[in-house]
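Given next are the chains, with one letter for each unit.
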Amino acid sequence: MKPSFLNPLQSLRSAPVLLPLLSRAQMSSSSRIPSPPDNGVVLGCGAVSVDFLATVAAFPKPDDKIRSVNLKVEGGGNTGNALTCAARLGLKPRVISKVADDPQGRSMLEELEADGVDTSFMVVGKEGNSPFTYVIVDNQTKTRTCIHTPGNPPLVPEELTHANLSSALDGANLVYFDGRLWETALVVAQETWTNAPSTASALISMLLRLPNLKFVIVTLGEKGCIMLERSTNEASGQEEVVVESLLESLKTSMDASSLLPICISSKSSLRISANGIGAVSGRLLLGKAEVIPPSELVDTTGAGDAFIGAVLYAICAGMSPEKMIPFASQVAAAGCRALGARSGLPKRTNPRLAPFWL
């Protein structure tokens, strides 16, 4: 099977899609949870690391000496986090990355394997150090500051044999790159950049430059996400709609009072343009993130990785974009309720995901 490719910048009908909370009886029923998708093998290439997370009462000023109020050590890295999320949701992830044969590297491999991520394609260096990150979480503002130390020596394309790469790709439905190990990623996929003046117009640019790309999502943190989906029917005869204007109209239509994730869509098969770039036929979707009560918000580390992991699952499961975006937002929000990028990642049986299995 030839895999498709997902770039993290890739992640509305007229009426918004709102998925209500279920009763306790409904949430406790395991019979509603579908089986994992049959085509659930995904390959990720990118960063894995160890995160040293310290929660502080308030971020220190220069030359301050403060004490942490909480400390945790767990796995991190964009690809490691996204694949862990995908594994907990029911996929069968494989990872290509590099660690050193040191205590940190061994702990990373053990943690990934424990979550169901296949690490047999990892490169383990005999010398050097594994990557790690200091994460300082401000308990007052709920922000986090990351100080990353890359692994040394880094992974280079020559360390991937053709046979090993072919085995990693065999049967994979999706391949995900986080953009960190870019030299290695170039062996598998061609990097594409855009100089568009705005986020919305950048989506147009990417679909024009990559004609086989089906959709593009850009995440906006607590503001949600924007998705541009290519139409299978060319809308050449219709009047063009400027993408920035279309986005503003969707923002106006969004129910800002909702606490749950929402997705709204423009009409399908529009001719959507960006000044000086061109136009594509498709539709624009706007997703609203879950509003997490301050008392439940702990740490936003890895929220974007969780969103991507959930998108990987949604693609394999054949979810519609209207369902995929709230689903990924819900998964990301669950992860923000615990310290670290992985502790709060939900499994398939998590009650918060019950509405999406109907």
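Residues numbered from 1 in each chain as written. Predicted model: local features only at pLDDT ≥ 70, side-chain atom pairs only at ≥ 80, totals over all residues. Heavy atoms only, no water.

Within an unreviewed UniProt entry, the label attached to the chain reads Carbohydrate kinase PfkB domain-containing protein, and the organism entered is Zingiber officinale.

Trainee: Got a sec to walk through the overall build of the chain? Specific residues and values, please.
Mentor: Counting secondary structure elements, the chain contains 9 helices and 17 strands. Across the 358 residues in the chain, those meeting the buried criterion constitute 51%. As displayed, the chain has an accessible area near 17,200 Å², and 53% of this comes from carbon and sulfur atoms. (Helix = DSSP H or I, 4+ residues; strand = E, 2+ residues; numbered from the N terminus. Buried < 20%, exposed > 50% of the residue type's maximum accessible area, 1.4 Å probe, protein only. Areas by Shrake-Rupley, 256 points an atom, 1.4 Å probe, with all protein chains shown as cover.)

Trainee: An account of the nonpolar core is needed here, citing residue identities and associated values.
Mentor: By size, the foremost hydrophobic cluster in this structure holds 46 residues, and its most contacted members are Leu89, Ile217, Met324, Phe327 and Val331. Within the residue set of this core, elements represented by two or more residues are helix H2 (78-89), helix H3 (103-114), strand E11 (174-177), strand E12 (215-219), strand E13 (225-230), helix H8 (303-317) and helix H9 (321-335). No other element matches the 9 residues that H8 contributes to this core. Beyond its immediate stretch of four places on either side in the chain, Val331 contacts Cys85, Leu89, Ala306, Ala310, Pro346 and Leu353. Formed by 23 residues, the second largest nonpolar core is a distinct cluster that contains Ile226, Leu247, Met254 and Ile262. (Core = buried A, V, L, I, M, F, W, Y, C linked by side-chain atoms within 4.5 Å. Contact = heavy atoms within 4.5 Å.)

Trainee: For the pairing of E11, give the residues involved together with the corresponding values.
Mentor: Residues Leu174 and Tyr176 line one face of E11 and the alternating positions Val175 and Phe177 line the opposite face, and both faces are buried. The pairing of strand E3 (residues 41-45) with E11 spans 4 bridges and is classified as parallel. Bridge pairing links Cys45 to Phe177 in E11. (Pairing = 2+ DSSP bridges.)

Trainee: Give me the lowdown on the side chain of Arg94, citing residues and values where you can.
Mentor: Within the secondary structure layout, Arg94 lies in strand E6 (residues 92-96). The side chain of Arg94 sits in the buried core without any salt bridge; Asp118 is the nearest counter-charge, 4.5 Å away. A polar contact of 3.5 Å, which involves the side chain of Arg94, links it to the backbone oxygen of Ser167. Leaving out residues up to four positions away in the same chain, Arg94 has contacts with Val41, Val42, Leu43, Gly44, Leu83, Asp118, Phe121, Ser167, Ala168, Leu169, Asp170 and Ala172. (Lys, Arg positive; Asp, Glu negative; His and termini not counted. Salt bridge = Lys/Arg side-chain N within 4 Å of Asp/Glu carboxyl O. Polar contact = N/O pair within 3.5 Å; in protein donor to acceptor, adjacent residues only side chain to side chain.)

Trainee: Account for the packing of H8 against H9, with residues named and values stated.
Mentor: In the contact formed by H8 and H9, the axes pass within 8 Å of each other and the chain directions differ by 140°. In terms of orientation, H8 and H9 fall into the oblique class. Crossing hand, H8 versus H9: right-handed. Residue-level contacts link Ala303, Ala306, Phe307, Ala310, Val311, Tyr313, Ala314 and Ile315 of H8 to Met324, Ile325, Phe327, Ala328, Ser329, Val331 and Ala332 of H9. Of the residues that constitute the contact of H8 with H9, the class distribution is 14 nonpolar, 1 polar and no charged. (Axes fitted to C-alpha atoms, helices over the stretch in contact; angles between N-to-C directions. Parallel < 35°, antiparallel > 145°, perpendicular 65-115°, else oblique. Left-handed = near helix turned anticlockwise from the far one by under 90°. Nonpolar A, V, L, I, M, F, W, Y, C, P; charged D, E, K, R; others polar.)

Trainee: Account for the side chain of Asp115, naming residues and giving values.
Mentor: Relative to the assigned elements, Asp115 resides in the loop between H3 and strand E8 (123-125). A residue is classified by how much of its surface remains accessible, and Asp115, at 18% relative accessible area, is buried. Contacts of Asp115, omitting those with residues within four sequence positions, involve Thr84, Ala87 and Arg88.

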